[in-house]
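# Residue-level structural notes
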Amino acid sequence: MHNELRYSGWSVDCISPIGSDWIGTTWISLVGRMIQDKANTWRADLPADHLIRMDRVRLSLCGLGLGDALGELLNTCPHTAQERLKAQELPSGPWIHTDDTEMAISIAGILKTHGRIDQDGLAKRFARRFEREPDRGYGKMTRIQLREAATGGDWKQLSSSAFCGQGSLGNGGAMRVAPLGDYFSGDIERCIDEARLSALVTHTHSEGVAGTIAVAIAAAVASQFQNQAFVDWSESVFDAVLRHTPESSVRRKLVLASEMGRETPLAVAAKLLGNGSQVTAADTVPFCMWVAAHRGNSFIDAIGSAISVDGDCDTNAAIVGGIVALLTGWEGIPKAWIEAWESVNL
Ligand SMILES: [Mg+2]
């Protein structure tokens, strides 16, 4: 009879035969050697302020998750969302989030362990969470990619061959990236590089990448304005986002968004900038950026505004929530909402 020892998913040794004292005589010394040899498969080169960065990542993830869950909850009656949120007329929890938050949790997780985007590790995390709960509202192409990746497919090949080799220009990279922007808020060039790496795992089209970079930059700037929600940050955020977002339809519509004042009616802004109904980065990110820029002094107002124009309600509110939470801080987010959201461990 053989007893197989396993460590980190690998079968590494066998003990045979098993006697009554095998734990003390064999097992403990073998496991000790295995842990010494294989304790880490990567060098965790974490920055000195890693824990402080991760605290901010949790704040952004909370805003993103709440926006996502509320957007999903209210997407059948988006036009009443603002009033219902302000009046706290909401069902009791748990409020269930969708794919946006599932993927953002994977990004936050890889930052927690690696302090950077390790694409292989991120692809594995995406696939593992999808495998565990495939009914979180993933888009059709993402479902195909993650199902293949979960069964050993090469994420690079899957991502670059999506949509007949064009790659995805969807809003999936942008919807999950705000916590990353916050982690790298002190180094904008690094923020851009890491945002790009995070997008490419599923979205290789330049539009999908541009939308991801734009949201990451906005989150990085928001982080610098943390707890200053009373300050008008619209000029600062548009300056930075336009400076760093690559030339694309996303950027051209961001220029338009930057020229539209706060007083523009939401419906008009959504008509000109898009509301995510096409689920592309260009149809989603500019409107979300405009909402975050001009409604950033109130988490409730920002989330309500993002949902109210219909379209991709959960993603719009996830993007806005992930950015605006950094401006308002924990104090600006209703405690009852955090308690009603399904529990997320990070
Ligand atoms: Mg979703």
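Residues numbered from 1 in each chain as written. Predicted model: local features only at pLDDT ≥ 70, side-chain atom pairs only at ≥ 80, totals over all residues.

### A closer look at the confidence of the model for the protein chain
As a general rule, the predicted coordinates of low-pLDDT regions are not to be interpreted in detail. Stated formally: pLDDT gives the predictor's per-residue confidence on a scale running from 0 to 100. Our contact criterion uses C-beta atoms placed from the backbone: two residues qualify when those atoms are within 7 Å.
Looking at the protein chain, pLDDT values average 91 and 88% of them are 70 or higher. Confidence drops under pLDDT 50 across residues 7-12; counting only partners more than four residues distant or on other chains, this segment forms eight contacts.

### Considering the nonpolar core
Stated formally: Buried Ala, Val, Leu, Ile, Met, Phe, Trp, Tyr and Cys residues whose C-beta atoms connect them within 7 Å together make up a nonpolar core. Three exposure classes are used. Buried residues have 20 or more other C-beta atoms within 10 Å of their own C-beta, exposed residues have 12 or fewer, and partly exposed residues fall in between, all C-beta atoms being placed from the backbone. In this text, helices come from DSSP runs of H or I with a minimum length of four residues, and strands from runs of E with a minimum of two, each type numbered from the N-terminal end.
Residues A214, A218, M289 and V320 are the most contacted members of the largest nonpolar core, which totals 97 residues. The element that contributes the greatest number of residues to this core is helix α12 (residues 206-224), accounting for twelve residues.

### So, the environment of M141
With respect to the element layout, M141 can be found in helix α6 (residues 140-150). Each C-alpha atom of the pair M141 and S159 lies 9.5 Å from the other, and the pair is 18 residues apart in sequence. Not counting residues within four places of it along the chain, the set of residues in contact with M141 comprises A162, F163 and S168.

### Examining the packing of α12 against helix α13 (residues 234-244)
When two helices pack together, you describe them by how their axes are tilted relative to each other and by the distance separating the axes. Keep this limit in mind: Angular values range over 0 to 180 degrees, each being the angle between N-to-C directions of two axes fitted as lines to C-alpha atoms, with helices fitted over their stretch in contact. For any helix crossing, the convention is left-handed if the near helix is rotated counterclockwise from the far helix by under a right angle, and right-handed if that rotation is clockwise. Residue polarity follows a fixed list, in which Ala, Val, Leu, Ile, Met, Phe, Trp, Tyr, Cys and Pro are nonpolar, Asp, Glu, Lys and Arg are charged, and the others, Gly among them, are polar.
One way to put it is that α12 packs onto α13 with a least axis distance of 9 Å and a crossing angle of 140 degrees. The hand of the α12/α13 crossing is right-handed. Within the contact between the two elements, α12 uses I213, A214, I217, A218 and V221 and α13 uses S236, V237, A240, V241 and H244. Its residues assigned to classes, the contact of α12 with α13 comprises eight nonpolar, two polar and no charged.

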